[in-house]
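# Understanding the architecture of this molecule
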Amino acid sequence: MNTQSVPVAPPNPFQGLIDHRNNDPHQLQIAYTIHRSNRNRVFRNQLLQGDFRDWKDDVILSQVLEAEKGSTGFLDPRHNIAFWARPPQHIRDLVYNIQQEIAPLAGPGLWLVPQDYLHMTTLEIRSELTGPEVNEICSSLEQSGSLQELINYTLTHRARLVKPIVNIDSSAIALSFLPAAGEEDTSPYSGKDDLFTYHHLRRDLYDIVTRSGCPIAARYTLPSAHITIARFVQPDGSEADLRATGKYAANLVSKVDDINEKLDSSERTVKGEWVIGHEKGLELMKGRTWFGKGDSVALGKGFS
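Residues numbered from 1 in each chain as written. Predicted model: local features only at pLDDT ≥ 70, side-chain atom pairs only at ≥ 80, totals over all residues. Heavy atoms only, no water.

What follows concerns the overall build of the protein. In terms of helices and strands, the protein carries 10 helices and 9 strands. Over its C-alpha atoms, taken along the principal directions, the protein stretches across nearly 70 × 50 × 40 Å. Across the 304 residues of the protein, 50% fall into the buried class. Each charge class in the protein was averaged separately, 32 positive and 38 negative side chains, and the resulting centres sit 1 Å apart. (Helix = DSSP H or I, 4+ residues; strand = E, 2+ residues; numbered from the N terminus. Buried < 20%, exposed > 50% of the residue type's maximum accessible area, 1.4 Å probe, protein only. Lys, Arg positive; Asp, Glu negative; His and termini not counted. Charge placed at Lys NZ, Arg CZ, Asp CG, Glu CD.)

This is the structure in structure tokens:
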């Protein structure tokens, strides 16, 4: 008898860490902390080398910004599809204040992510495809009947993020968080026990999307929860000369250190606590989303 083989779905990449850390929120927070600390140490040491000049300016973003001025007709060729978590107002305010502290030192070669573009990629489905390819995937997900469950999942599954710090590398600056693990809870919106973490949320979304038959090829499966708040772009004139001195990187790192000292105070618990789904549910975005723009397919209900 001829039998047709049924493709086996790949293992959920988020479940592996949960199992390895014994489904313990404290251990999951440690995993996120280790990833964040190791990455920060590597890039901090790199940037503080006296002869550092190797800035990874975002060439495509530079072209996009020129096109927005009307100089060219350039369009980002990369189309993506992902679920985003939009930060609530108090997190956007925190980002804005950080951007204003960094901007004077960085100059016009640092592009500050506009408030409306701020997002955290909770689950990337596919990236760097053509428009028709992304539209086909999006249609498949919509037709599966899972979309409303996905975008409104945070209404009944509350995941809390805490302890934000600023990360800087040679290409961008981000505000990164840790999944909560029993810290003082100042929010009336959380699940209160932190047993359901941000990593559990990512795992569940992955499972639901996979069951729907939608193909996933996510880049973001590492233990990281971050919002990109600025990107380095091509400098010109005097700023290019400033970067050549090496003092540029040292000043930025020093400013980031100062900001993180402030964030180590009450701002972490009062201003830096974020329950995913506060104000807005998850949002399915498609198209040219790399820098925070793109097409909103569906936005879930938030709580406030």
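Once that is clear, we can look at helix α5 (residues 131-143). The end-to-end C-alpha distance of α5, which contains 13 residues, comes to 18 Å, matching closely the 18 Å that a straight helix rising 1.5 Å per residue would cover. Residues of α5 that are buried include every one of Gly131, Val134, Ile137, Cys138 and Leu141, and no others. Down the axis of α5, the buried side of the element spans an arc of 130°, and every buried residue falls inside it. Turned more than 90 degrees from where α5 packs its buried face, Pro132, Glu136 and Gln143 sit exposed. At its buried positions, α5 is contacted by β1 (79-85), β3 (120-129), α6 (147-151), β8 (280-287) and β9 (295-301). Backbone geometry just downstream of α5 places Gly145 in the positive-phi region, at approximately 85°. (Expected span 1.5 Å × (residues − 1). Arc of directions from axis to C-beta. Contact = heavy atoms within 4.5 Å.)

This part takes up the pattern of salt bridges. A full pass over the atoms with the stated rule returns 15 salt bridges. The closest approach of N and O atoms between Lys69 and Glu66, which form a salt bridge, is 3.2 Å. Sharing partners across several salt bridges, the network here consists of Glu101, Lys255 and Lys262. (Salt bridge = Lys/Arg side-chain N within 4 Å of Asp/Glu carboxyl O.)

On to the state of the cysteines, then. Throughout this description, disulfide means a covalent bond between two cysteine sulfur atoms. The tally for this structure, following the rule as stated, stands at 0 disulfides. Cys138 takes part in no disulfide bond, and the closest cysteine sulfur to it belongs to Cys214, at a distance of 8.6 Å. Owing to a relative accessible area of 3%, Cys214 belongs among the buried residues under this scheme. (Disulfide = S-S within 2.5 Å.)

Here strand β6 (residues 225-232) lies mainly inside the structure; 7 of its 8 residues are buried. When strand β2 (residues 110-112) meets β6, the two strands line up antiparallel, connected through 3 bridges. By the bridge assignment, Leu112 is partnered in β6 with Ala230. Two strands pair when backbone bridges link them, and strand β5 (residues 172-179) and β6 are joined in this way by 6 bridges, in the antiparallel orientation. When the sheet's bridge partners are listed, Ile173 is paired in β6 with Ala230. (Pairing = 2+ DSSP bridges.)

Another point: the confidence of the model for the protein. The pLDDT averaged across the protein works out to 91; a share of 93% of its residues lies at or above 70. In the predicted structure, residues 1-7 sits below a pLDDT of 50 and forms 0 contacts with residues beyond four places in sequence or in another chain. (pLDDT = per-residue confidence, 0-100.)

Attention now goes to the sheet that holds β3. Within the open sheet, the 4 strands sit side by side as β3-β1-β8-β9. Their pairing is antiparallel. For this open sheet the edge positions go to β3 and β9, each flanked by a neighbour on one side alone. Within the sheet, the average angular offset between the axes of one strand and its neighbour, ignoring direction, is 10°. Both β1 and β8 contribute to a ladder of 5 bridges, which runs antiparallel. (Axes fitted to C-alpha atoms, helices over the stretch in contact; angles between N-to-C directions.)

This part takes up the side chain of Ser170. Along the chain, Ser170 falls in the loop between β4 (160-168) and β5. Other than its neighbours up to four places away in sequence, Ser170 contacts Phe43, Gln46, Leu47, Phe52, Asp54, Trp55, Lys56 and Phe232.

This part takes up the environment of Asn260. On the secondary structure map, Asn260 appears in helix α9 (residues 247-263). Residue classification places Asn260 among the buried residues on the basis of a relative accessible area of 16%. Separated by 30 residues in the primary sequence, Asn260 and Ala230 have C-alpha atoms spaced 16 Å apart. For Asn260, the contacting residues outside a window of four places in its chain are Ile165 and Val166.

Now for the packing of aromatic side chains. Under the counting rule described, the total for this entry stands at 7 aromatic pairs. Between Trp55 and Tyr248, the aromatic rings sit 5.4 Å apart at their centres with planes inclined by 85°, giving edge-to-face as the arrangement. Of this pair, Trp55 sits in the loop between α2 (25-47) and α3 (59-68) while Tyr248 sits in helix α9, placing them 193 residues apart in sequence. A residue is classified by how much of its surface remains accessible, and Trp55, at 9% relative accessible area, is buried. With relative accessibility at 2%, the residue Tyr248 sits in the buried group. An angle of 80° between the planes, with centres 6.4 Å apart, marks the rings of Trp111 and Phe291 as edge-to-face. With Trp111 in strand β2 and Phe291 in the loop between β8 and β9, this pair connects stretches of sequence that are 180 residues apart. (Phe/Tyr/Trp six-rings, centres within 6.5 Å; stacked < 30°, edge-to-face > 60°.)

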